[in-house]
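# Per-entry structural report
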Amino acid sequence: MMFTRAIVRTPAPSLVKGISSADLGPVDFERALQQHADYVLALEALGLAVTVLDAEEAYPDSTFVEDVALIFGATGIVTNPGALSRNGETISIRPALLEHFSSLSYISPPGTLDGGDVMSTGDCVYVGLSSRTNRSGAEQLGVHLQKIGLELVVVEMKEMLHLKTGVNYLDQGNLLVTGEFVEAPVWKGFNRTTVVRDEAYAANSVWINGSVLVPAGFPQTTSAIEQLGYQVVVVDTSEFQKLDGGLSCLSLRF
Ligand code: CIR
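Below you will find a few notes about this structure. Computed from a predicted model, the values in this text were never measured in an experiment.

Moving on, we come to the packing of aromatic side chains. Think of a pair of aromatic rings as described by two things: how far the centres are apart, and how the planes are tilted against each other in angle. In total, this model carries seven aromatic pairs according to the counting rule given. With centroids separated by 6.1 Å and ring planes inclined at 90 degrees, the aromatic side chains of phenylalanine 64 and phenylalanine 240 adopt a geometry described as edge-to-face. A residue pair is termed long-range when its members are at least 10 positions apart, and phenylalanine 64 in the loop between strand E2 (49-53) and strand E3 (69-72) and phenylalanine 240 in helix H6 (residues 238-241) qualify at 176 residues. Exposure remark for phenylalanine 64: the relative accessible area of 3% places this residue in the buried category. Owing to a relative accessible area of 0%, phenylalanine 240 belongs among the buried residues under this scheme. A connected cluster of aromatic rings, assembled from ring pairs, spans Tyr126, Phe181 and Trp187.

Here the focus is the side chain of arginine 9. On the secondary structure map, arginine 9 appears in strand E1 (residues 5-9). On the basis of relative accessible area, arginine 9 is assigned to the buried category, the value being 5%. Leave out the neighbours within four places in its chain, and arginine 9 touches His36, Leu53, Asp54, Ala55, Glu56, Ser62, Thr63, Ser92 and Ile93.

A separate point is the pairing of E3. Side-chain alternation along E3 places Ala69 and Ile71 on one buried face and Leu70 and Phe72 on a second face that is also buried. Pairing between E3 and strand E4 (residues 75-78): four bridges, direction antiparallel. Considered in E4, the bridge of phenylalanine 72 is made with threonine 75. The hairpin formed by E3 and E4 contains two residues between the paired strands, and glycine 73 there has a positive phi angle of roughly 60 degrees.

Now for helix H1 (residues 29-45). Taking 1.5 Å per residue, 17 residues should reach 24 Å; H1 reaches 24 Å between its end C-alpha atoms and fits that length. Along H1, the residues that are buried comprise Phe29, Ala32, Gln35, His36, Tyr39, Val40, Ala42 and Leu43. Looking down the long axis of H1, one finds its buried residues gathered within 160 degrees of arc, a one-sided arrangement. Along H1, exposed side chains directed more than 90 degrees from the buried face belong to Glu30, Leu41 and Ala45.

With that settled, consider the environment of glutamate 239. For glutamate 239, the location among the structural elements is in helix H6. Separated by 204 residues in sequence, glutamate 239 and glutamine 35 place their C-alpha atoms 7.9 Å apart. Side-chain polar atoms of glutamate 239 contact the side chain of lysine 242, separated by 2.8 Å.

One open sheet accounts for three strands, arranged E3-E4-E5; its pairing is mixed. Since the sheet does not close on itself, it has two edges, and those belong to E3 and strand E5 (104-106), each with one partner. Here the average twist between neighbouring strands, direction ignored, is 25 degrees.

Cut-off values and rules
- Residues numbered from 1 in each chain as written.
- Predicted model: local features only at pLDDT ≥ 70, side-chain atom pairs only at ≥ 80, totals over all residues.
- Heavy atoms only, no water.
- Phe/Tyr/Trp six-rings, centres within 6.5 Å; stacked < 30°, edge-to-face > 60°.
- Helix = DSSP H or I, 4+ residues; strand = E, 2+ residues; numbered from the N terminus.
- Buried < 20%, exposed > 50% of the residue type's maximum accessible area, 1.4 Å probe, protein only.
- Contact = heavy atoms within 4.5 Å.
- Pairing = 2+ DSSP bridges.
- Expected span 1.5 Å × (residues − 1).
- Arc of directions from axis to C-beta.
- Polar contact = N/O pair within 3.5 Å; in protein donor to acceptor, adjacent residues only side chain to side chain.
- Axes fitted to C-alpha atoms, helices over the stretch in contact; angles between N-to-C directions.

Following this line, the structure appears as C-alpha cells:
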C-alpha cells in the first residue's frame, strides 16, 4: 500500500496547555510551530500531498489529529476521543474528511476511542483498551471494520497512553515494540524490533512508502530501523514529546 495524502493541523498557541504526563518541561510554542512545519515538509518530501488545517485555539491538543479520525481505504471514521478536553475536536475534522470521503462513520457514546489506540497491519487491525478507548468504542470499530472485511483484534493495555505509544507496524511483517508490548503474545508472529526503554519514544516511528520517519535523538532505534533496510528520515518533535505526542499522532495518512 502507498500513501498519497496526509491531513495535519497547525498547532494553536494553546498547545502549551495540552494534556501532558511527560514532565519534560514547558513547551516552546515557536519551536513547536517550526517543528510542525518541518514535519509537513518531510511528509511532502516522501511524496504526500498534505492538507494543513487551521489551528484551533479552543482545543490545545488538536494538532494531534490522528486521534480524531481513522481511515481504511475508502472508509473514514470519526472517533469519539476519550479525553473530555479533546472531545470537540471531532467537529472540525468532519468537513476536512468529507473533502476526501463521500460518507463517514462514527464512534458514538458511550463508546470512546482515540486513533492513537488503533494500528493496522493491512489485513488486520489492532485496538488497545486504554484510558482513552473503552470496550464500547472498540466494539463499534469492530462493526465498522467487519463491513469492509477487516478483522479487529482487541489488546488489553496496562501502562501506555496509547497503543501506538509502544507498538508500530512498518511493513513486510516488521514491528517496533517497547515496554509492555515487548513480550505480548498477540504479535509473536511478527519480526519484532525491541526499542530500548531509554529510546521508548522512538517506538512511535512511522512507515511511509518505504521510508520511516523517526524522531530525532534516538540513535539505537535509528540504526535498528536502517538495518531493517529502510531509508530513515529524522524529524525533531521534542516539543510534541513534552505533550506525550509522537510522530504518528501529528498526521492522518491515507
Ligand atoms: C493527549 O494526551 O491526548 C495529547 N497530549 C497527546 C496525544 C498523542 N496522541 C497519540 O499518541 N496518538
